[in-house]
Amino acid sequence: MSISVSIQTADFDVGAETAGLTGLDGVGAVASFVGVVRGTDVLAMTLEHYPGMTERALAEILQQAQQRWSLVAARVIHRVGRLLPGEHIVFVGVASSHRREAFEACEFIMDFLKTRAPFWKKEETSQGARWVEARQSDDAAAARWRP
Amino acid sequence: MSISVSIQTADFDVGAETAGLTGLDGVGAVASFVGVVRGTDVLAMTLEHYPGMTERALAEILQQAQQRWSLVAARVIHRVGRLLPGEHIVFVGVASSHRREAFEACEFIMDFLKTRAPFWKKEETSQGARWVEARQSDDAAAARWRP
Amino acid sequence: MSITILYFANLRETLGIERETVELPITVQTIGDLREWLCARGGNWNVLAGAQVRAALNQVLTMPDASIGADDEVAFFPPVTGG
Amino acid sequence: MSITILYFANLRETLGIERETVELPITVQTIGDLREWLCARGGNWNVLAGAQVRAALNQVLTMPDASIGADDEVAFFPPVTGG
């Protein structure tokens, strides 16, 4: 099982990242997720993070996924800095033999990334800038995975 | 809501297909799935389908997903003909405002594609060719979605 | 009346035919009747009696009691295995 | 003992500081003690008393009763909103 985490300002190449997962031995299924800046009322978004803790928190989430499902590989890329509507924010890709594990692990990783990884979003709108508030629905989503 | 189905012998470009979904207005989340020919014991695989019924069955599955979740777009590409280990078989991509809908609809589409769309796989192995048998676990996966 | 019948996957291989147009006797009214009538051809044709065999009528999955009409397209195939 | 404290997002902005190294009085033993001690600076510092404020000790989420050691890294931040 190979796990990999990148925090970067640069964009990522979804095709290349997916090819890095589909090309691995024993892989029959790759589930992936791409998060995008939604344009509704938002002119731009700045993502701040806690260097060091972010990588550690994401690696721990991937290790938990690896313990829970039979996976071949999992990859997370999260961008930081200022992003415009339509730009990629996050990529999560999971490779496994069968689709069920890949789907479940991919959704698990996103749910925990949303509630455990130290990123903060500040939105610029026509009314000024504001820090995005955490959503209770994200806590509820993560709580679904309790054993 | 835009839905699109392609049945083709040619490979598809995961990056371009995903970009076609992330670039749409109002999209915050794109969940996707890529199925790949697993190499274990299989030298090649030939996919046969029922032209006409396949497109109709897949469009109906996408329409059901659209009725059940709030989606911006959904896309299915399924290859037919002879494929080698590691080659792409299927792409399913779903775009929506929020991740939960995208994940659920993507998995729903795959579960019904597996059990309703008229494709048949024949594997070539070192012991000769054999038609792949339907798996009960796929029927069970589709049955989970009953209202 | 005349209909078109298609066979897929292992059924196509076993029967050695992928498509035929047939004139049905008046006694063949439903998908179930058609299946029995084809099985009665003997030889490999009883492969169509298998519990696993599925049928589609005009490109939609169907049941044995569905009525067949003129110029309909009927298909027989095993459980699907795509994806 | 000396520790490093980091502040993120709205806390960083409100406090106008992102990192400091401080020498703790002997009475500050836990994350909860540290928070009270920082709030006692007055002015904007009571933002740290908010129920929503989270703390990490050496880059792992922690609770108010966790003990602080020499050279530890403590961080204060609001609920996370990535992804």
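Residues numbered from 1 in each chain as written. Chains lettered and ligands numbered in written order. Predicted model: local features only at pLDDT ≥ 70, side-chain atom pairs only at ≥ 80, totals over all residues. Heavy atoms only, no water.

**Student:** Explain the overall build of chain A to me, using residue names and the numbers behind them.
**Tutor:** In terms of helices and strands, chain A carries four helices and eight strands. When its helices and strands are written in sequence order, chain A yields β-α-β-β-α-β-β-β-α-β-β-α. Taken over the C-alpha trace, chain A has a radius of gyration of 15 Å; the compact-globule value for 147 residues is 15 Å, and the two agree within 12%. Taken along its principal axes, the extent of the C-alpha atoms in chain A is 50 × 35 × 30 Å. For chain A, with 147 residues in total, the buried portion stands at 54%. Taking as baseline every contact in chain A between residues at least 6 positions apart, the subset at least 24 positions apart corresponds to 80%. As presented, chain A carries roughly 6,000 Å² of accessible surface, and 47% of it is formed by carbon and sulfur atoms. Across chain A, the 16 positively charged side chains and the 18 negatively charged ones have centroids separated by 4 Å. (Helix = DSSP H or I, 4+ residues; strand = E, 2+ residues; numbered from the N terminus. Rg over C-alpha atoms; globule rule 2.2 N^0.38 Å. Buried < 20%, exposed > 50% of the residue type's maximum accessible area, 1.4 Å probe, protein only. Contact = heavy atoms within 4.5 Å. Areas by Shrake-Rupley, 256 points an atom, 1.4 Å probe, with all protein chains shown as cover. Lys, Arg positive; Asp, Glu negative; His and termini not counted. Charge placed at Lys NZ, Arg CZ, Asp CG, Glu CD.)

**Student:** Tell me about the sheet that holds strand E3 (residues 54–57) of chain C, residues and numbers included.
**Tutor:** All names here are of chain C. If you walk across this open sheet you meet the five strands as E2-E1-E5-E3-E4, and the pairing is mixed. At either end of the open sheet lies a strand with only one pairing partner, and these are strand E2 (19–23) and strand E4 (60–62). On average, adjacent strands in this sheet sit at an angle of 30° to one another, irrespective of strand direction. Here four bridges tie strand E1 (residues 2–7) to strand E5 (residues 73–77), and the two strands are oriented parallel to one another. From the neighbouring strand, Thr4 faces E5, where its bridge partner is Glu73. (Pairing = 2+ DSSP bridges. Axes fitted to C-alpha atoms, helices over the stretch in contact; angles between N-to-C directions.)

**Student:** Outline the interface of chain C and chain B, supporting the account with residue identities and numerical values.
**Tutor:** Counting from both sides, the interface comprises 20 residues of chain C and, opposite them, 26 residues of chain B. The three residues of chain C that bury the most area against chain B are Gln59, Thr81 and Gly83 of chain C, which together make up 37% of that side's buried surface. At the boundary of chain C with chain B, the tally comes to two salt bridges. When the shortest N-O distance is used, the salt bridge between Arg12 of chain C and Glu48 of chain B registers 2.4 Å. Across the chain C-chain B interface, the total number found is 12 residue pairs in polar contact (both at pLDDT 80 or more). Among the elements of the structure, helix H1 (9–15), E4 and E5 of chain C are those that each provide at least two residues to the side of chain C that touches chain B. With four residues, H1 of chain C is the largest single contributor of residues to the side of chain C that touches chain B. Split by residue class, the side of chain C that touches chain B holds 11 nonpolar, six polar and three charged. (Buried area = accessible area lost by both parts, 1.4 Å probe. Salt bridge = Lys/Arg side-chain N within 4 Å of Asp/Glu carboxyl O. Polar contact = N/O pair within 3.5 Å; in protein donor to acceptor, adjacent residues only side chain to side chain. Nonpolar A, V, L, I, M, F, W, Y, C, P; charged D, E, K, R; others polar.)

**Student:** Let's hear about the relation of the copies chain A and chain B: which residues, and what values?
**Tutor:** With an axial shift of 0.0 Å and an RMSD of 0.0 Å, the rotation relating chain A to chain B amounts to 180°. Such a combination of turn and shift is consistent with a two-fold rotation axis. The rotation axis passes nearest to the C-alpha of Gly15 of chain A in chain A, at a distance of 1.8 Å. Interface overlap between copies: 100% of the residues of chain A at the interface are likewise at the interface in chain B, consistent with a symmetric, same-surface contact. (Least-squares fit on C-alpha atoms with pLDDT ≥ 70 in both.)

**Student:** Explain helix H4 (residues 136–143) of chain A to me, and be specific about the residues and the numbers.
**Tutor:** Every α-helix winds through 3.6 residues per turn, so residues three or four apart in the chain are directed the same way. Of all the positions in H4 of chain A, only Asp138, Ala141 and Ala142 of chain A are classed as buried. Along the long axis of H4 of chain A, the arc covered by the buried residues comes to 95°, so they all point the same way. In this fold, the buried residues of H4 of chain A make contact with helix H3 (99–116) of chain A together with helix H3 (99–116) of chain B. (Arc of directions from axis to C-beta.)

**Student:** Got a sec to walk through the packing of H3 of chain B against helix H4 (residues 136–143) of chain B? Specific residues and values, please.
**Tutor:** All names here are of chain B. As a packed pair, H3 and H4 sit with axes 9 Å apart at the nearest point and diverge in direction by 130°. Classed by the angle they form, the pair H3 and H4 counts as oblique. Between H3 and H4 lies a crossing of left-handed hand. Along the contact surface, H3 presents Asp111, Phe112, Lys114 and Thr115, while H4 presents Asp138, Asp139, Ala141 and Ala142. When the residues that make up the contact of H3 with H4 are grouped by side-chain class, the tally is three nonpolar, one polar and four charged. (Parallel < 35°, antiparallel > 145°, perpendicular 65-115°, else oblique. Left-handed = near helix turned anticlockwise from the far one by under 90°.)

**Student:** Could you give an account of the sheet that holds strand E2 (residues 29–36) of chain B, with specific residues and numbers?
**Tutor:** Strand order in this open sheet of eight strands is E1(A)-E4(A)-E6(A)-E2(A)-E2(B)-E6(B)-E4(B)-E1(B), and the pairing throughout is mixed. The two strands at the open ends of the sheet, each matched to only one other strand, are strand E1 (2–8) of chain A together with strand E1 (2–8) of chain B. Across the sheet, the axes of successive neighbouring strands diverge by a mean angle of 5°, strand direction being ignored. Bridge count for E1 of chain B against strand E4 (residues 73–79) of chain B is seven bridges, and the pairing is parallel. When the bridges of E4 of chain B are listed, Ser6 of chain B appears paired with Ile77 of chain B. Here helix H2 (residues 53–68) of chain A sits on the sheet in contact with E1 and strand E4 (73–79) of chain A, set at roughly 150° to E1 of chain A. Docked against the sheet, helix H2 (residues 53–68) of chain B engages E1 and E4 of chain B, running at close to 155° with respect to E1 of chain B.

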